[in-house]
There are 2 protein chains.
Amino acid sequence: MANRKYAEVCEEVCTHPEILDRVKPDMPDEERLYDLAELFKVFGDTTRIRILYVLFESEMCVCDIAALLNMTQSAISHQLRILKQARLVRSRRDGKTVFYALDDDHVRTVIGQGMEHIEEKHGRKKS
Amino acid sequence: MANRKYAEVCEEVCTHPEILDRVKPDMPDEERLYDLAELFKVFGDTTRIRILYVLFESEMCVCDIAALLNMTQSAISHQLRILKQARLVRSRRDGKTVFYALDDDHVRTVIGQGMEHIEEKHGRKKS
DNA sequence: AAAACATATGAACATCTGTTCATATGTTAG
DNA sequence: CTAACATATGAACAGATGTTCATATGTTTT
């Protein structure tokens, strides 16, 4: 089950074994790629993106975020849990309320690059 | 239906109107935030991440990618369509075969930052 | 024109995901 | 201790998503 997979898909004319053999060793572990996809999955939801954007400004309690986004406290809490598990936000408790904040600056960079990509691609009308 | 939403969620003690009023005008349009989430959704799948990583090395035809990832030609083609719609890859036809390549460098930056985030967060054992 | 091949695509299916609702946990005030 | 409040969480439901299968499109060769 090791290396007859090349031939399974298309004929030998199409696949270029030399490329395959060169590229394959450079691929990261499956586990890393899986984790990476999981991370981006976290960014891939409007509610969570909006939460992150809100936290760009300042730390905030669950209740404030819910009010600001006009959503249920429960919904926000569920999403904050996901963001926290992904280490994108951290929380501190102050009495009854829990304040959430961005955990590091990768969040800003990633979202910033994403925004750049969108602006660039949407804003081109000619070649 | 305008501004009683603050009170709907929790009592006036919790929400801090001055924060809300300060943060709200700084939020991007809903449409942009939606597009941004859509973009990251594209990154949020193992198959697509693997495809992008493969294309880091060189342009490649559908068949080669399928062979390299040990997946169906159909599955890869479907995913390439999504990547192309998101302007993350572009394609050129050469006879019967179609070659795909990364469309710009935001891809590298975003994935790079994502990787950094993962490595950093996984690699911390002490405070 | 027909055969062969690389790629694209529509429909169907199973799986995953986000919200809601009800309720539990944890903290402070009385 | 009890009431009040902020947050967390489990179950359930609806909608989104990725793969497979069958088939269509497009290109080259004969």
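Going by the structure above, here's the rest.
Definitions and limits used
Along each chain, the written sequence defines residue order, and numbers are assigned to residues from 1. Starting at A for chains and at 1 for ligands, labels are handed out in the order in which the entities are written. Residue-level local features of this predicted model are given only where pLDDT is at least 70; pairs of side-chain atoms are given and counted only at 80 or more, and the full residue set underlies all totals for whole chains, interfaces and linings. Derived side-chain values reflect all non-hydrogen atoms in the structure, with water molecules and hydrogen atoms excluded from consideration. Residues are counted as near a molecule or strand when any one of their heavy atoms sits within 4 Å of it. Any pair of N or O atoms that falls within 3.5 Å is considered a polar contact. Within protein, one atom must be able to donate a hydrogen and the other to accept it, and sequence-neighbouring residues count only if both atoms are side-chain atoms. Going along the chain from the N terminus, every DSSP run of H or I of four or more residues is numbered as a helix, and every run of E of two or more is numbered as a strand. Here the nonpolar group is Ala, Val, Leu, Ile, Met, Phe, Trp, Tyr, Cys and Pro; Asp, Glu, Lys and Arg are the charged ones; every other residue, Gly included, is treated as polar. Pairing between two strands is assigned when DSSP locates at least 2 bridges connecting them. It only takes one pair of heavy atoms within 4.5 Å for two residues to be counted as in contact. For every element, the axis is a line fit to its C-alpha atoms; helices are fit only across the contacting stretch, and the angle between N-to-C directions ranges from 0 to 180 degrees. The least-squares superposition of copies is restricted to C-alpha atoms, and to residues with a pLDDT of at least 70 in both copies. The term buried area refers to how much accessible surface (probe radius 1.4 Å) is lost by two components on association, counted for both of them together. Any carboxyl oxygen of Asp or Glu within 4 Å of a side-chain nitrogen of Lys or Arg constitutes a salt bridge here. Accessible area is worked out with a 1.4 Å probe on protein chains only. A residue is then buried under 20% of its type maximum, exposed over 50%, and partly exposed in between.

*Asks:* An account of the protein's contact with DNA strand C is requested, with residue identities and associated values reported.
*Replies:* Near DNA strand C, the surroundings consist of 28 residues, among which Thr47(A), Arg48(A), Gln79(A), Ser74(B) and Tyr100(B) are the closest. In the interface set of DNA strand C, defined as its atoms within 4 Å of the protein, sugar plus phosphate atoms amount to 65%. Within the contact set of DNA strand C, a base oxygen lies 2.8 Å away from a side-chain nitrogen or oxygen of His78(B). With 5 residues, helix α6 (residues 73–85) of chain B is the single largest residue contributor to the surface near DNA strand C. Counted by class, the surface near DNA strand C contains 9 nonpolar, 11 polar and 8 charged residues.

*Asks:* Which residues make up the sheet that holds strand β2 (residues 89–94) of chain A, and what values go with them?
*Replies:* Residue and element names in this part refer to chain A. Read across the sheet, 3 strands follow the order β1-β3-β2 without closing on themselves; strand pairing throughout is antiparallel. Looking along the sheet, the strands with just one partner apiece sit at the ends: β1 (60–61) and β2. Here β1 pairs with strand β3 (residues 97–102) via 2 bridges, running antiparallel. Note that in β3 the partner of Cys61 across the bridge is Phe99. On the sheet, helix α6 (residues 73–85) packs against β2 and β3 and is oriented at approximately 120° with respect to β2.

*Asks:* Hey, could you go over the relation of the copies chain B and chain A for me, with residue numbers and the actual values?
*Replies:* With an RMSD of 0.0 Å, chain B superimposes on chain A once it is rotated by 180° and translated 0.0 Å along the axis. What we have between these two chains is a two-fold relation. An overlap of 99% is found between the interface residues of chain B and their copies at the interface of chain A, pointing to a shared contact surface.

*Asks:* Could you give an account of the protein's contact with DNA strand D, naming the residues involved and the relevant values?
*Replies:* Near DNA strand D, the surroundings consist of 28 residues, among which Ser74(A), Tyr100(A), Thr47(B), Arg48(B) and Gln79(B) are the closest. Restricting the count to atoms of DNA strand D within 4 Å of the protein gives a sugar and phosphate share of 62%. Within the side chain of Ser77(A), an N or O atom sits 2.9 Å from a phosphate oxygen of DNA strand D. Secondary-structure elements contributing two or more residues to the surface near DNA strand D are α5 (62–69), α6 and β3 of chain A together with α4 (46–57) and α6 of chain B. Looking at the surface near DNA strand D element by element, the count peaks at 5 residues for α6(A). Of the residues assigned to the surface near DNA strand D, the class counts are 9 nonpolar, 11 polar and 8 charged.

*Asks:* Please provide a residue-by-residue account of the interface of chain B and chain A, values included.
*Replies:* Counting residues at the interface gives 68 residues for chain B, matched by 67 residues for chain A. Summed over both partners, the interface of chain B with chain A comes to about 6100 Å²; 68% of that surface belongs to carbon and sulfur atoms. Looking at the side of chain B facing chain A, the largest losses of area belong to Phe40(B), His106(B) and His117(B), adding up to 10% of the total buried there. Scanning the region where chain B abuts chain A turns up 8 residue pairs in polar contact (both at pLDDT 80 or more). Contributions of two or more residues to the side of chain B that touches chain A are made by α1 (5–9), α2 (17–23), α3 (30–43), α4, β1 (60–61), α5 (62–69) and α7 (106–122) of chain B. Broken down by element, the residue count for the side of chain B that touches chain A peaks at 14 residues, all from α7(B). A class-by-class count of the residues in the side of chain B that touches chain A yields 34 nonpolar, 13 polar and 21 charged.

*Asks:* Got a sec to walk through the pattern of salt bridges? Specific residues and values, please.
*Replies:* By the definition in use, this model includes 14 salt bridges over all chains. Across the pair Glu30(B) and Arg50(A) runs a salt bridge whose closest N-O atoms are separated by 3.5 Å. One end of the pair, Glu30(B), is in helix α3; the other, Arg50(A), is in helix α4 (residues 46–57), on a second chain. Residue Arg92(B) pairs with Glu59(B) through a salt bridge whose shortest N-O separation is 2.5 Å. Of the two residues, Arg92(B) sits in strand β2 (residues 89–94) while Glu59(B) sits in the loop between α4 and β1, which places them 33 residues apart along the sequence. Given a relative accessible area of 32%, Glu59(B) falls into the partly exposed group. Through salt bridges with shared partners, a single network forms among Asp29(A), Arg32(A) and Glu119(B).

*Asks:* So, the pairing of strand β3 (residues 97–102) of chain B: which residues are in play, and what are the values?
*Replies:* Residues and elements named next belong to chain B. Most of β3 is tucked away: 5 of the 6 residues are buried. Bridge count between β2 and β3: 6 bridges; the pairing is antiparallel. Each bridged residue has a counterpart across the sheet, and for Ser91 the counterpart in β3 is Tyr100. The turn joining β2 and β3, which pair antiparallel and follow one another in sequence, is formed by 2 residues; a positive phi near 65° is taken by Gly95.

Keep in mind that these numbers describe shape and distance, not what the molecule does.
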